[in-house]
Amino acid sequence: MIQRRLSVALAALAILGLTACREEIATRPDPVQMTAEAVGFYCRMDIIEHDGPKGQVQLDGLPGALFFSQVRDTVAYLHMPEQSHDIAVAYVQDMSGPATWETPGPWIEATSALYVLGSDARGGMDAPEFVPFSDRTAAEAFAARHGGQIRPFAEITSADVLAPTEPQESSDTPDDIADRLQKLSDGPQG
């Protein structure tokens, strides 16, 4: 009798475990297709008008997607800890296969892509780009032609994505910048 109850309990736990796995997979949203109305999250410009691979981030509890005109901006967003919502999924456009800079490939999960960093490729906002690939051979061929190094998402650091992309010509000290940021966050005076 005890063995039968134990078998029933184990079977119930197994079913609950399988159900939880199915729910987790079922709740991951599919990529949202870009339309002519889609605008870049940071630049607020029409995203379709920019060449190169794009990115999108979907947030828990919010409909649609945040689109990014550059993959580097997508990865930067994923590295920022102070977001208002949990990230449901992030996608980037795969540059493996027949993809071109004018016609990037299909959406792939950002965390499973390989990226070429430090190449001569410029993204949609004419800044250095992180070029995503689902295929290592394609990434290696791209890096051989355009320079750069291949890294999986897990090895891209916050410093890689949050550092300035172009030489800065400012003589501001960190205290000057902190003072300006504080004034901006305090809002208009008076």
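For the structure, check the block above.
Presented here is an overview of the structure given in this document. Every value quoted in this text rests on a predicted model; they were computed, and no experiment measured them.

Cut-off values and rules
- Residues numbered from 1 in each chain as written.
- Predicted model: local features only at pLDDT ≥ 70, side-chain atom pairs only at ≥ 80, totals over all residues.
- Heavy atoms only, no water.
- Helix = DSSP H or I, 4+ residues; strand = E, 2+ residues; numbered from the N terminus.
- Buried < 20%, exposed > 50% of the residue type's maximum accessible area, 1.4 Å probe, protein only.
- Contact = heavy atoms within 4.5 Å.
- Areas by Shrake-Rupley, 256 points an atom, 1.4 Å probe, with all protein chains shown as cover.
- Core = buried A, V, L, I, M, F, W, Y, C linked by side-chain atoms within 4.5 Å.
- Pairing = 2+ DSSP bridges.
- Axes fitted to C-alpha atoms, helices over the stretch in contact; angles between N-to-C directions.
- Phe/Tyr/Trp six-rings, centres within 6.5 Å; stacked < 30°, edge-to-face > 60°.
- Salt bridge = Lys/Arg side-chain N within 4 Å of Asp/Glu carboxyl O.

This part is about the overall build of the chain. Scanning the chain from terminus to terminus reveals five helices and seven strands. For the chain, the sequential pattern of α-helices and β-strands runs α-β-β-α-β-β-β-β-α-β-α-α. Going through the 190 residues of the chain one by one, you find that 33% of them count as buried. Considering only contacts within the chain whose residues lie at least 6 apart along the sequence, 58% involve residues at least 24 apart. Approximately 11,900 Å² of the chain is accessible, and the part contributed by carbon and sulfur atoms is 56%.

A general tendency of soluble globular proteins is for nonpolar side chains to be buried together. Counting residues in hydrophobic clusters, the biggest one holds 20 residues, and the most contacted among them are V57, V75, V92, Y115, F130 and I156. Broken down by element, this core gets its largest block of residues, five residues, from helix α2 (residues 71-79). The contacts of F130, once residues within four sequence positions are left out, are V71, R72, V75, Y115, V116, L117, I156, D160 and V161. V131, F133, A139 and F142 belong to the second-largest nonpolar core, a separate cluster that totals 10 residues.

What the three strands build is an open sheet, ordered β6-β5-β7; its pairing is antiparallel. At either end of the open sheet lies a strand with only one pairing partner, and these are β6 (131-133) and β7 (149-152). Here the average twist between neighbouring strands, direction ignored, is 30 degrees.

On to the packing of aromatic side chains. Using the criterion set out here, one finds six aromatic pairs in the structure. When the ring of F41 is compared with that of F68, the centres are 5.6 Å apart and the planes differ by 55 degrees; the resulting orientation is tilted. Of this pair, F41 sits in the loop between α1 (2-27) and β1 (55-59) while F68 sits in strand β2 (residues 66-68), and the two are 27 residues apart along the sequence. What links up through ring pairs into an aromatic cluster is the set F41, F68 and Y77.

To continue, consider the pattern of salt bridges. One pass over the structure, following the stated rule, counts three salt bridges. A salt bridge links R28 to E109; the shortest N-O distance between them is 3.5 Å. Taken together, the residues span a long stretch of sequence, with R28 in the loop between α1 and β1 and E109 in strand β4 (residues 107-109) at a distance of 81 residues. R28 sits in the partly exposed class, given a relative accessible area of 40%. Among the residues examined, E109 registers a relative accessible area of 26% and is labelled partly exposed.

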